[in-house]
Amino acid sequence: MNISKLAMLEIQNHALKFELRRGILEMGNKLAEGQHSAIYECKPGWRLKNPELCAIRVIKRQNEAVWKKAVTALYYAFNCKDSKHLLGIHGWMFTDDDDLSVVVDRAETNLEKAVLSQKEKLGVALGVARGINAIHSSGFIYNNLDARNVLITQDGTVKINVCKGKYEILHAQASDIDIHQIGQLLLCLHGGERSKRRHSSSTRWSRPPGCSNDKIWRLTEACLSANDNISLHAIIRDLEAALRQC
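Throughout what follows, the structure given in this document is the object of discussion. (Residues numbered from 1 in each chain as written. Predicted model: local features only at pLDDT ≥ 70, side-chain atom pairs only at ≥ 80, totals over all residues. Heavy atoms only, no water.)

On to unusual backbone geometry. At Arg 47, a residue that is not glycine, the phi angle is positive and equals roughly 60°. Positive phi is not limited to glycine here, since Asn 143 has a value of about 65°. The topology assignment puts Asn 143 in the loop between strand 7 (140-141) and strand 8 (150-152). (Helix = DSSP H or I, 4+ residues; strand = E, 2+ residues; numbered from the N terminus.)

This is the structure we're talking about:
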């Protein structure tokens, strides 16, 4: 059985359990709409402690490939360890065969739209590294880290949108993919241009003017260089140290 079929079976099974235990999910006003999904306010009920801090993402079955990817990503996301830096998933249900409604933490904005201070940029990078570490600890890699998939809540908490992951099972060297993407994110946070390909340790990167911290630049280069042996724990340690100095 392939992963998309397994994912659908588990999602359907949990959807039935959520409906039996919590009843029908009610949506409020529409907040945003994309090509294959829409975001709605979450009305009180459904055993949610703080419905005002949640939103409902309705995934529409308009394109079979997109639908399978969304269901598979939800399967992986629901099996990730809890972390405040991963978008919380509070349940889901099928409103019909072609609509899947998923209750998630409500975000205020994403990194693509946010205007941040230097200290806040370091905080974002640290939150992302901690979130990726939680995904790796769950036995997966995320493999889709970009500014649109880094969300910021009303209280400033940084969360990776786990519903957008291109997940793979974690294996030898696979963690380098997410570490390289953390490097790309650090580069973009400081005004550099994102590269579409990975580079070797011999690559010399152009330091963007926005990166004045020597230690952060060395960390960025280490993440970007595919052959450098740098761990997530080392990245988190260095970012924590940099934040303490701000």
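Now that the structure is up, let's keep going.
This paragraph deals with the packing of helix 3 (residues 118-137) against helix 4 (residues 175-189). Closest axis-to-axis distance for the helix 3/helix 4 pair is 11 Å, and the angle between their directions is 170°. By the criterion of interaxial angle, the relationship of helix 3 to helix 4 is roughly antiparallel. The segment helix 3 lies against helix 4, with Lys 121, Ala 125, Val 128, Ala 129, Ile 132 and His 136 engaging Ser 175, Asp 178, Ile 182, Leu 185, Leu 186 and Leu 189. Considered class by class, the residues forming the contact of helix 3 with helix 4 number eight nonpolar, two polar and two charged. (Axes fitted to C-alpha atoms, helices over the stretch in contact; angles between N-to-C directions. Parallel < 35°, antiparallel > 145°, perpendicular 65-115°, else oblique. Contact = heavy atoms within 4.5 Å. Nonpolar A, V, L, I, M, F, W, Y, C, P; charged D, E, K, R; others polar.)

Taking 1.5 Å per residue, 20 residues should reach 28 Å; helix 1 (residues 3-22) reaches 28 Å between its end C-alpha atoms and fits that length. Looking only at helix 1, the buried set comprises Ser 4, Ala 7, Met 8, Ile 11, His 14, Ala 15 and Phe 18. One side of helix 1 holds all its buried residues, which, seen down the axis, span an arc of 140°. Opposite the buried face of helix 1, by more than 90 degrees, sit the exposed residues Lys 5, Leu 20 and Arg 21. In this structure, the buried side of helix 1 is in contact with helix 2 (64-78), strand 4 (89-96) and strand 5 (99-105). Once helix 1 ends, the next one or two residues include Gly 23, with phi positive near 90°. (Expected span 1.5 Å × (residues − 1). Buried < 20%, exposed > 50% of the residue type's maximum accessible area, 1.4 Å probe, protein only. Arc of directions from axis to C-beta.)

Moving on, we come to the packing of aromatic side chains. In the structure shown here, the tally under the stated rule is ten aromatic pairs. Taking 5.8 Å as the distance between ring centres and 85° as the angle between the ring planes, the aromatic pair formed by Tyr 142 and Tyr 167 counts as edge-to-face. Residue Tyr 142 is located in the loop between strand 7 and strand 8, and its partner Tyr 167 is located in the loop between strand 9 (158-160) and strand 10 (168-169); the two are separated by 25 residues in the primary sequence. The buried category is assigned to Tyr 142, whose relative accessible area is 0%. Stacked on the ring of Trp 46, the Lys or Arg Arg 22 has its end atom at 4.7 Å from the ring centre. (Phe/Tyr/Trp six-rings, centres within 6.5 Å; stacked < 30°, edge-to-face > 60°. Lys NZ or Arg CZ within 6 Å of the ring centre and 35° of its normal.)

A few words on the pairing of strand 1 (residues 27-33). Direction of pairing for strand 1 relative to strand 2 (residues 37-42): antiparallel, over a ladder of four bridges. Residue Ala 32 lies in a different strand from strand 2, and its bridge partner there is Ile 39. (Pairing = 2+ DSSP bridges.)

Before going further, it helps to spend a moment on the sheet that holds strand 4. With antiparallel pairing, the five strands of this open sheet are ordered in space as 1-2-3-5-4. Strands at the two margins of the open sheet, each flanked by one partner only, are strand 1 and strand 4. Across the sheet, the mean angle from the axis of one strand to that of its neighbour is 30°, orientation sign disregarded. Sheet topology places strand 4 next to strand 5; six bridges connect them, and they run antiparallel. In the strand pairing of strand 5, Phe 94 is matched with Leu 100. Strand contacts of helix 2: strand 3 (54-60), strand 4 and strand 5, with the helix running at about 150° to strand 4, the strand carrying the most contacts.

This paragraph deals with the sheet that holds strand 8. Here we have three strands laid out as an open sheet, ordered 6-8-9, and antiparallel in their pairing. Only two strands of the sheet have a single neighbouring strand rather than two, namely strand 6 (109-110) and strand 9. Where strand 8 and strand 9 come together, three bridges link them in antiparallel fashion. Residue pairing in the sheet places Val 150 in a bridge with Ile 160 of strand 9.

So, on to the layout of surface pockets. Of the volumes computed, that of the largest pocket is approximately 1,400 Å³. Looking at the largest pocket, it is lined by 45 residues, and the ones nearest its centre are Ser 37, Arg 57, Asn 149, Asn 161 and Lys 164. Those elements that place two or more of their residues in the lining of the largest pocket are strand 1, strand 2, strand 3, helix 2, strand 5 and strand 6. For the lining of the largest pocket, the leading source of residues is helix 2, giving seven residues. Across the lining of the largest pocket, the residue classes break down as 17 nonpolar, 14 polar and 14 charged. Here the second largest pocket is characterised by a volume of approximately 480 Å³. In this structure, the second largest pocket is lined by 20 residues; those nearest its centre are Asn 50, Leu 53, Cys 54, His 90 and Asp 105. Here the residues of the lining of the second largest pocket sort into four nonpolar, five polar and eleven charged. (1 Å grid on protein atoms, 1.4 Å probe; cavity = no way out; pocket = protein on both sides within 12 Å on 5 of 7 lines; lining within 4 Å. Points joined across faces, edges and corners; volume = space filled by probe spheres on them.)

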